[in-house]
Amino acid sequence: QKEVEQDPGPLSVPEGAIVSLNCTYSNSAFQYFMWYRQYSRKGPELLMYTYSSGNKEDGRFTAQVDKSSKYISLFIRDSQPSDSATYLCAMSGAGGGADGLTFGKGTHLIIQP
Amino acid sequence: GAVVSQHPSWVICKSGTSVKIECRSLDFQATTMFWYRQFPKQSLMLMATSNEGSKATYEQGVEKDKFLINHASLTLSTLTVTSAHPEDSSFYICSAGGGQGALEQYFGPGTRLTVT
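Quantities reported herein were computed from a predicted structural model and do not represent experimental measurements.

1. So, the overall build of chain A
And then number 1: Counting its secondary structure elements, chain A contains zero helices and 11 strands.
And then number 2: Ordered by position from the N terminus, the helices and strands of chain A form the series β-β-β-β-β-β-β-β-β-β-β.
And then number 3: Computed over the C-alpha atoms, the radius of gyration of chain A is 13 Å, within 12% of the 13 Å expected from 2.2 N^0.38 for a compact globule of 113 residues.
And then number 4: Across its three principal axes, chain A shows a C-alpha extent of roughly 40 × 30 × 25 Å.
And then number 5: Among the 113 residues that make up chain A, the fraction classed as buried is 42%.
And then number 6: As displayed, chain A offers around 5200 Å² of accessible surface, 47% of which is attributable to carbon and sulfur atoms.
And then number 7: Counting 10 positive and 11 negative side-chain charges, chain A places the averaged centre of each group 5 Å from the other.

Here is the structure:
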């Protein structure tokens, strides 16, 4: 079993839809949970990070963490074609960004105009 | 967010040669830099962690004599792939931490290495 599981997709939705992206993990030591966006042949760009369980909102993006279920989600409201990219979840232990990150495979998201 | 650059963005080399990849944090001092490798349709996999002035810490299964990492300053880390083979062909990405948000890690644009 991989440490972090993420459905690679592709996930195709119409413009304006609410998008739900998810990851599950097995390592209970993870405390920081990040979402990155990666365009083809580019480095990942940090979208949001969350510490422990709970929700965090930033504009159209909402991150949720449920440590009891080892399940994290990223919601995108009012999705735009420019949101089309690969979304990677990443996790780390108590050191947060000071530690190496464990990534999911990434979900390829396509927003249809 | 902070800016991290990598050079070169892509490189083709012959089997048996060595290739050096540079990673620079342009607008902050990175106390820690990380090197990842990403194969097509796979996750980014952490290869090693380097702290300025210290020896790098390698992940299990990564050959430290093959992937030489130097972190000589707070803004520059280098990865040298020695005696490259076709199976080393991959997308190598660095990231830098310890910047304005100590919990955050900023990624470079990546270097695509093709070994023929």
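Once you've had a look at it, read on.
2. Details of the layout of surface pockets
And then number 1: Taken as a whole, the largest pocket spans an internal volume of roughly 640 Å³.
And then number 2: Taken together, 21 residues form the lining of the largest pocket, with Thr 86 of chain A together with Gln 38, Pro 40, Lys 41 and Gln 42 of chain B sitting closest to its centre.
And then number 3: Ranked by the residues each element gives to the lining of the largest pocket, the list is headed by strand β9 (residues 85-92) of chain A, at three residues.
And then number 4: Of the residues that constitute the lining of the largest pocket, the class distribution is eight nonpolar, eight polar and five charged.
And then number 5: In this model, the second largest pocket occupies a volume close to 420 Å³.
And then number 6: Glu 3 and Thr 102 of chain A together with Leu 44, Met 45 and Leu 46 of chain B are the residues nearest the centre of the second largest pocket, which is lined by 18 residues in total.
And then number 7: Top element by residues in the lining of the second largest pocket is strand β5 (residues 44-51) of chain B. It accounts for four residues.
And then number 8: A class-by-class count of the residues in the lining of the second largest pocket yields nine nonpolar, five polar and four charged.

3. What about the interface of chain A and chain B?
And then number 1: Taken residue by residue, the interface counts 21 residues in chain A and 19 residues in chain B.
And then number 2: Between chain A and chain B the total buried area reaches about 1600 Å² when both faces are included, carbon and sulfur atoms providing 56% of it.
And then number 3: The three residues of chain A that bury the most area against chain B are Arg 41, Phe 103 and Lys 105 of chain A, which together make up 28% of that side's buried surface.
And then number 4: Among the elements that line the side of chain A that touches chain B, the one with the most residues is strand β4 (residues 32-38) of chain A, at four residues.
And then number 5: Class assignment of the residues belonging to the side of chain A that touches chain B gives a composition of 10 nonpolar, seven polar and four charged.

4. Here we look at the pairing of strand β4 (residues 32-38) of chain B
Residue and element names in this part refer to chain B.
And then number 1: The buried fraction of β4 amounts to seven of the seven residues, a majority that puts the element mostly inside the structure.
And then number 2: Burial of β4 is two-sided: the residues Thr 32, Phe 34, Tyr 36 and Gln 38 facing one way and the residues Met 33, Trp 35 and Arg 37 facing the other way are all buried.
And then number 3: Alignment of β4 against strand β9 (residues 90-97), held across seven bridges, turns out to be antiparallel. Residue Met 33 lies in a different strand from β9, and its bridge partner there is Ala 96.

5. Comments concerning the state of the cysteines
Residues and elements named next belong to chain B.
And then number 1: If you walk through the whole model with that rule in mind, you get two disulfides over all chains.
And then number 2: At a sulfur-sulfur separation of 2.0 Å, the disulfide partner of Cys 23 is Cys 94. Between Cys 23 and Cys 94, the S-S dihedral sits near 80°, and the bridge is therefore right-handed. One end of the pair, Cys 23, is in strand β3 (residues 19-25); the other, Cys 94, is in strand β9, and 71 residues separate them in sequence. A single burial state applies to Cys 23 and to Cys 94, both of which are buried.
And then number 3: Here Cys 13 is not disulfide-linked; the sulfur of Cys 94 is the nearest cysteine sulfur, at 18 Å.

6. Focus on the environment of Ile 110 of chain A
All names here are of chain A.
And then number 1: Along the chain, the position of Ile 110 falls in strand β11 (residues 107-112).
And then number 2: Taking C-alpha positions, Ile 110 is 7.7 Å from Asp 83, a pair spaced 27 residues apart along the chain.
And then number 3: Here Ile 110 is in contact with Pro 10, Leu 11, Ser 12, Val 13 and Ser 84, once residues within four sequence places are set aside.

7. Quick look at the environment of Ser 95 of chain B
Residue and element names in this part refer to chain B.
And then number 1: Of note, Ser 95 is situated in strand β9.
And then number 2: Separated by 61 residues in sequence, Ser 95 and Phe 34 have C-alpha atoms that sit 5.1 Å apart.
And then number 3: Discounting chain neighbours no more than four positions away, the residues touching Ser 95 are Thr 32, Met 33, Phe 34, Tyr 36, Gln 105, Tyr 106 and Phe 107.
And then number 4: Polar side-chain contacts of Ser 95 include one of 2.8 Å to the side chain of Gln 105.

What counts and what doesn't
- Residues numbered from 1 in each chain as written.
- Chains lettered and ligands numbered in written order.
- Predicted model: local features only at pLDDT ≥ 70, side-chain atom pairs only at ≥ 80, totals over all residues.
- Heavy atoms only, no water.
- Helix = DSSP H or I, 4+ residues; strand = E, 2+ residues; numbered from the N terminus.
- Rg over C-alpha atoms; globule rule 2.2 N^0.38 Å.
- Buried < 20%, exposed > 50% of the residue type's maximum accessible area, 1.4 Å probe, protein only.
- Areas by Shrake-Rupley, 256 points an atom, 1.4 Å probe, with all protein chains shown as cover.
- Lys, Arg positive; Asp, Glu negative; His and termini not counted.
- Charge placed at Lys NZ, Arg CZ, Asp CG, Glu CD.
- 1 Å grid on protein atoms, 1.4 Å probe; cavity = no way out; pocket = protein on both sides within 12 Å on 5 of 7 lines; lining within 4 Å.
- Points joined across faces, edges and corners; volume = space filled by probe spheres on them.
- Nonpolar A, V, L, I, M, F, W, Y, C, P; charged D, E, K, R; others polar.
- Contact = heavy atoms within 4.5 Å.
- Buried area = accessible area lost by both parts, 1.4 Å probe.
- Pairing = 2+ DSSP bridges.
- Disulfide = S-S within 2.5 Å.
- Polar contact = N/O pair within 3.5 Å; in protein donor to acceptor, adjacent residues only side chain to side chain.

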